[in-house]
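One letter stands for each residue in the lines below.
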Amino acid sequence: MTVFFVVLAAAAGTLLAQRQGVEAVTGALLSAGELIALVIPLVVIAIVMAAYAQALLPREIVERWLGRDAGWRGLFIAIAAGAVTPGGPFMAFPLVVGLRAVGASLPICITYLTAWSVLGIQRILVWELPFFGVDFVVLRLLVSLPLPLIAGVTAQWLGEPVRR
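Heads up: these notes are all about the structure in this document.

1. Here's the deal with the overall build of the protein chain
Here comes step 1: Helices and strands together make up the secondary structure of the protein chain, namely eight helices and zero strands.
Here comes step 2: For the protein chain, the sequential pattern of α-helices and β-strands runs α-α-α-α-α-α-α-α.
Here comes step 3: For the protein chain, the C-alpha atoms occupy an extent of roughly 65 × 40 × 30 Å along the three principal directions.
Here comes step 4: Out of the 164 residues belonging to the protein chain, those deemed buried represent 29%.
Here comes step 5: By sequence separation, contacts in the protein chain at least 24 residues apart represent 75% of the contacts at least 6 residues apart.
Here comes step 6: In the form shown here, the protein chain has an accessible surface area of approximately 10,700 Å², with 75% of it arising from carbon and sulfur atoms.

See below:
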């Protein structure tokens, strides 16, 4: 996968140099460096937080509430947690990795990430309401509300049975 992206970046850089000159490539590389400087600390902090979550959360509790036998209760906990988790993928993805490592089931993790991506309260308040208004947000939420549950139930159906 890394080789693919290195080749893709080299091809894009070559195309940019041919179309807009070496100065455009230099500008793009400087911009990429700024982005890397911004993202690296976030990634490091998120990974450290995931490691803390693994160390702090007892496996028995995670397995009970979010494990294979958590059933519907676990799915609804994952939906609620995903909806209220702030931050971008730098926070949510390492958290899921940490939870998975201490016993959260795959369907629960899928439900959480789906809820985080489509029902995130922070994103709704900060981005959607100001840009799109209440009518848009309410309609989008109505059609998106069942998606995390559908994703979790489907994941259970494909890999793990739903327990009641």
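2. Examining the packing of helix α4 (residues 71-84) against helix α6 (residues 106-119)
Here comes step 1: In the contact formed by α4 and α6, the axes pass within 7 Å of each other and the chain directions differ by 30°. Considering only the axes of α4 and α6, their crossing is right-handed. Contacts from Gly71, Gly74, Leu75, Ala78, Ile79, Ala81, Gly82 and Ala83 of α4 reach α6 at Pro107, Ile108, Thr111, Tyr112, Ala115, Trp116 and Leu119.
Here comes step 2: Residues belonging to the contact of α4 with α6 are distributed by class as follows: eleven nonpolar, four polar and no charged.

3. A few points about the packing of aromatic side chains
Here comes step 1: The full count for this structure, using the stated rule, is four aromatic pairs.
Here comes step 2: Geometrically, the ring pair formed by phenylalanine 93 and tryptophan 116 is edge-to-face, given 5.8 Å between the ring centres and 65° between the ring planes. Of this pair, phenylalanine 93 sits in helix α5 (residues 89-101) while tryptophan 116 sits in helix α6, and the two are 23 residues apart along the sequence.
Here comes step 3: Given a relative accessible area of 43%, phenylalanine 93 falls into the partly exposed group.
Here comes step 4: In this structure tryptophan 116 comes out as buried when scored by relative accessible area, which is 9%.
Here comes step 5: With a centroid separation of 4.4 Å and an interplanar angle of 35°, the aromatic rings of phenylalanine 132 and phenylalanine 136 are classed as tilted. Of the two residues, phenylalanine 132 and phenylalanine 136 are both situated in helix α7 (residues 121-144); the distance of four residues between them amounts to about one turn of the helix.
Here comes step 6: With relative accessibility at 39%, the residue phenylalanine 136 sits in the partly exposed group.

4. As for the pattern of salt bridges
Here comes step 1: The final tally for this structure, using the stated rule, is two salt bridges.
Here comes step 2: Where glutamate 63 meets arginine 59, a salt bridge forms, and the shortest distance between an N and an O atom there is 3.1 Å. With glutamate 63 and arginine 59 both in helix α3 (residues 59-66) and four residues apart, this pair spans about one turn of that helix.
Here comes step 3: A relative accessible area of 38% places arginine 59 in the partly exposed class.

Reading the values: the criteria
Just so you know, the residues in each chain are numbered from 1, in the order the chain's sequence is written. This being a predicted model, a pLDDT of at least 70 is required before a residue's local features are given, and a value of 80 or more before pairs of side-chain atoms are given or counted; all residues contribute to the totals for chains, interfaces and linings. Side-chain numbers here rest on the full set of heavy atoms in the structure, without hydrogens or water. Secondary structure elements follow DSSP: runs of H or I of four or more residues count as helices, runs of E of two or more count as strands, with numbering from the N terminus. The classification of residues rests on relative accessible area computed with a 1.4 Å probe and restricted to protein chains. Under 20% of the type maximum is buried, over 50% is exposed, and intermediate values are partly exposed. Residue contacts follow a heavy-atom distance rule, with two residues in contact if any of their heavy atoms lie within 4.5 Å. Residue exposure ignores everything except the shown protein chains as possible cover, and the areas themselves are Shrake-Rupley values with a 1.4 Å probe. Note on method: axes are straight lines fitted to C-alpha atoms, helices fitted across the in-contact stretch only, with angles between N-to-C directions ranging 0 to 180 degrees. Working rule for handedness: look at the near helix, and if it is turned counterclockwise from the far one by less than a right angle, call the crossing left-handed; if clockwise, right-handed. Each residue gets one label: Ala, Val, Leu, Ile, Met, Phe, Trp, Tyr, Cys and Pro are nonpolar, Asp, Glu, Lys and Arg are charged, and the others, such as Gly, are polar. Pairing of aromatic rings covers Phe, Tyr and the six-membered ring of Trp, with a centre-to-centre limit of 6.5 Å; geometry is then stacked below 30 degrees between planes, edge-to-face above 60, and tilted otherwise. Only one rule defines a salt bridge in this text: a Lys or Arg side-chain nitrogen within 4 Å of an Asp or Glu carboxyl oxygen.

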